[in-house]
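Take a look at the letters that make up each chain.
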Amino acid sequence: MRSTARRIVTLGAIILALSGCGVNDADIEHWKHTQRGPRKITTVLVESRYPQPLRVHAARALIEMKHPNASGLDLLQGAMQSMAAPDREPIVHLLVPELQNMMGTGAQPAPSAQGPTEQMIKAKDAAYILIRGDGRSTFGSAEDRTTLSNAVLDWLLADFNTRALAGSYTAEQIVTAIGPSATDRLGQAIAFTEQAIPVSVEVAKLVNAVAPPPGKQAVATRIVAVATEIEGPGGTDRLRTITRELLTRNNVQGITDAIVATKAEQLRNQYLTVLFEALKTLGQPAGTEYLMRVAANADAPIERRKNALTAAAGTINSSHAPALLAIANCAGGLPRCDVELRGIAIDRVGETRDRALLPQLYTLFDGANGTAADGGFIVRWKLGEAIVRLGGASELSSFMQHLGAPRAAPFPGYTFTELNGDAQAIGDITPPPRDVMRSYLTNNHPVPVRLLAMMYLGIKGEQQDLARLQAFTGEATAIQGEGWNDPQAQLTTVGAVANRTLQSLQQVLRQGQQVNPGGAAGTPPAR
């Protein structure tokens, strides 16, 4: 790039010298549209013998230029690289306000229904080039870099949806070039407005890419503040105002206060769901604590609580166990007790890695006799997975005892889905506990225990396990529980399960891998 710029500058200088006349602003504008004009403009920019205002005009002309045979931005970058810092920085200093004006960031950068103009986009791309510099240092002074960085960020965040991918350089590239100093500006973009909330997740991703841990925590704290305002009664009036404006803008007829109130509640939930996802993206303690408060609030809508618990995935620790177990225990009773909510809470318990919780999980597991009809089996299924994840291989003996123990009537039996899920959870244990699971195949063990062993070996077995599974394919022992007689499965006997897991293992071995995306018994688990 630098050698190309030097050749262009040299040739341009010869042409200008032979022309025998001075250069003025009109020449710069004229050259934007001539064949050799880009070379001449670049020469004016890099040659210190030209007046500074004219050199700034040349830089702006390269940015504005739309030439069939030359890229003005490439020439700008090459020219800047060829100039010494003492000569270049004053030019950049005077160019900064020019770029601000071109982007329209002098006062309040306003979004447009038509999206950014071509001039705006070119100015933004030029700003990126000046901020990035040569990859080692910026092309301007530290002060000008800060001013330009803030201007570009303001421009992007004013209408993120239409501007993030506009031009040659994306928002991600720009924020990466700016670095950690972009964090505060990005955090300020999180606000209780119609424009800001829908892009909060994307902003959080940008923060995650460049911010140090304290910066991420600060932005998470800001998101929590906005979410708390939206969640609380104080946000109701603003939500209704936004809702009425949206309905009016979309020419909805017959808008009443009741309609606005209903739609505003829907908007509240939508906004909170987006902010929950933004907190999940950052994965900071401030966000986790807030999400847990929402999930534990028995007066909050069930869907909101489920969304909060889902967003907290991967950030849970043992200090959250009491609140999670309270949800799993269905504290508060109906109608605040939701099977899916309890299942998600148990999933989060499994992430605590706290083996001290196992006795409480076993108590819940032993008493969970729900069916597919009432969805209660989900709680038992999730408890089984959580026990396996917390306890690992050393806990399998105890888990199998609880799995095979008689249950109080009426208990229709374990569902296909939950045993399949348990097999997948055991399949995640390393090193694979194959010998332990092989020991549970024989008919002196309860049927559910044997089924789980077969289903595990169907995904994690070895060549020697083919004969073991084959030995049980003729067994007519009936299976109790829902989902086994599904038309696609037809796994109504132990022999049928042995045959299906045998086929699954054969496929795994043929593929030379130990993963079967289709599930432990060869059919996808219903989650």
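One structure accompanies this document, and this report is about it. Keep in mind the model is a prediction, meaning the values are calculated, not measured. (Residues numbered from 1 in each chain as written. Predicted model: local features only at pLDDT ≥ 70, side-chain atom pairs only at ≥ 80, totals over all residues. Heavy atoms only, no water.)

Regarding the overall build of the chain
No. 1: A count of helices and strands for the chain gives 27 helices and zero strands.
No. 2: What you see for the chain is a C-alpha radius of gyration of 33 Å, clearly larger than the 24 Å of a compact globule of 527 residues, by over 25%.
No. 3: Looking at the chain as a whole, 50% of its 527 residues are labelled buried.
No. 4: For the chain, the proportion of contacts with a sequence separation of at least 24, taken over those separated by at least 6, is 71%.
No. 5: Within the structure as shown, the chain displays about 23600 Å² of accessible surface, and the carbon and sulfur contribution to it stands at 51%. (Helix = DSSP H or I, 4+ residues; strand = E, 2+ residues; numbered from the N terminus. Rg over C-alpha atoms; globule rule 2.2 N^0.38 Å. Buried < 20%, exposed > 50% of the residue type's maximum accessible area, 1.4 Å probe, protein only. Contact = heavy atoms within 4.5 Å. Areas by Shrake-Rupley, 256 points an atom, 1.4 Å probe, with all protein chains shown as cover.)

Considering the packing of helix H20 (residues 358-367) against helix H22 (residues 396-404)
Each packed pair of helices is defined by two parameters, the angle between the axes and the distance between the axes.
No. 1: Where H20 meets H22, the closest approach of the two axes is 10 Å, and the angle between their N-to-C directions is 25 degrees. The orientation of H20 relative to H22 falls into the category roughly parallel. Taken as a pair, H20 and H22 cross one another with a handedness that is right-handed. Seen from H20, the contacting residues are Tyr362, Phe365 and Asp366; seen from H22, they are Ser398, Phe399, His402 and Leu403.
No. 2: Tallied by class, the residues present in the contact of H20 with H22 amount to four nonpolar, two polar and one charged. (Axes fitted to C-alpha atoms, helices over the stretch in contact; angles between N-to-C directions. Parallel < 35°, antiparallel > 145°, perpendicular 65-115°, else oblique. Left-handed = near helix turned anticlockwise from the far one by under 90°. Nonpolar A, V, L, I, M, F, W, Y, C, P; charged D, E, K, R; others polar.)

So, the packing of helix H18 (residues 321-328) against helix H19 (residues 339-349)
No. 1: At a minimum axis separation of 8 Å, H18 and H19 run at an interaxial angle of 150 degrees. On the basis of the axis angle, H18 is roughly antiparallel to H19. Note that H18 runs across H19; the crossing there is left-handed. Here Leu324, Leu325, Ile327 and Ala328 of H18 come into contact with H19, specifically with Leu341, Arg342, Ala345, Ile346, Arg348 and Val349.

So, the packing of aromatic side chains
No. 1: Under the criterion given, the structure shown has six aromatic pairs.
No. 2: Geometrically, the ring pair formed by Phe377 and Trp381 is stacked, given 6.2 Å between the ring centres and 5 degrees between the ring planes. Residue Phe377 and its partner Trp381 are both found in helix H21 (residues 377-391); the two are separated by four residues, about one turn of the helix. Accessibility assignment for this pair places Phe377 and Trp381 in one class, buried.
No. 3: Arranged with centres 5.3 Å apart and planes meeting at 90 degrees, the rings of Phe416 and Trp484 form a pair that is edge-to-face. (Phe/Tyr/Trp six-rings, centres within 6.5 Å; stacked < 30°, edge-to-face > 60°.)

Observations regarding the environment of Ala498
No. 1: Following the sequence through the fold, Ala498 ends up in helix H27 (residues 494-511).
No. 2: In this structure the C-alpha to C-alpha distance between Ala498 and Gly458, which are 40 residues apart in sequence, comes to 8.7 Å.
No. 3: Filtering out sequence-adjacent residues up to four positions away, Ala498 remains in contact with Met454, Leu469, Phe472 and Thr473.

Things to note about the pattern of salt bridges
No. 1: Counted by the stated rule, this structure contains 30 salt bridges.
No. 2: Here Glu194 ties to Arg249 by a salt bridge, and the two come within 2.6 Å at their closest N and O atoms. With Glu194 in the loop between helix H11 (183-188) and helix H12 (200-210) and Arg249 in helix H14 (residues 236-249), this pair connects stretches of sequence that are 55 residues apart.
No. 3: For Arg249, a relative accessible area of 49% corresponds to the partly exposed category.
No. 4: Of the charged contacts in the structure, one is a salt bridge between Arg438 and Asp465, with a shortest N-O distance of 2.7 Å. One end of the pair, Arg438, is in helix H24 (residues 434-438); the other, Asp465, is in helix H26 (residues 465-470), and 27 residues separate them in sequence. When sorted by exposure, Arg438 lands in the same class as Asp465, which is buried. (Salt bridge = Lys/Arg side-chain N within 4 Å of Asp/Glu carboxyl O.)

Description of empty space enclosed by the protein
No. 1: Under the defined criterion, the tally for this structure stands at one cavity of 30 Å³ or more.
No. 2: What lines the largest cavity is Val92, Leu130, Ile131, Thr138, Gly140, Asp144, Arg145 and Leu148.
No. 3: Among the elements of the structure, helix H7 (118-132) and helix H8 (142-158) are those that each provide at least two residues to the lining of the largest cavity.
No. 4: Ranked by residue count, the leading element in the lining of the largest cavity is H8, at three residues. (1 Å grid on protein atoms, 1.4 Å probe; cavity = no way out; pocket = protein on both sides within 12 Å on 5 of 7 lines; lining within 4 Å. Points joined across faces, edges and corners; volume = space filled by probe spheres on them.)

Thoughts on the nonpolar core
No. 1: Ranked by internal contacts, the top residues of the largest apolar core, which has 151 residues, are Leu45, Leu99, Ile230, Tyr290, Leu309 and Trp484.
No. 2: Those residues within four positions of Leu99 in sequence are excluded, and the remaining contacts are Ile63, Ala123, Ala126, Ala127, Leu130 and Leu148. (Core = buried A, V, L, I, M, F, W, Y, C linked by side-chain atoms within 4.5 Å.)

As for the environment of Thr138
No. 1: In this structure, Thr138 sits in the loop between H7 and H8.
No. 2: For Thr138, a relative accessible area of 16% translates into the label buried.
No. 3: Measuring from C-alpha to C-alpha, the distance between Thr138 and Val92 comes to 10 Å, with 46 residues separating the pair along the chain.
No. 4: A polar side-chain atom of Thr138 sits 3.3 Å from the main-chain carbonyl oxygen of Ile131. (Polar contact = N/O pair within 3.5 Å; in protein donor to acceptor, adjacent residues only side chain to side chain.)

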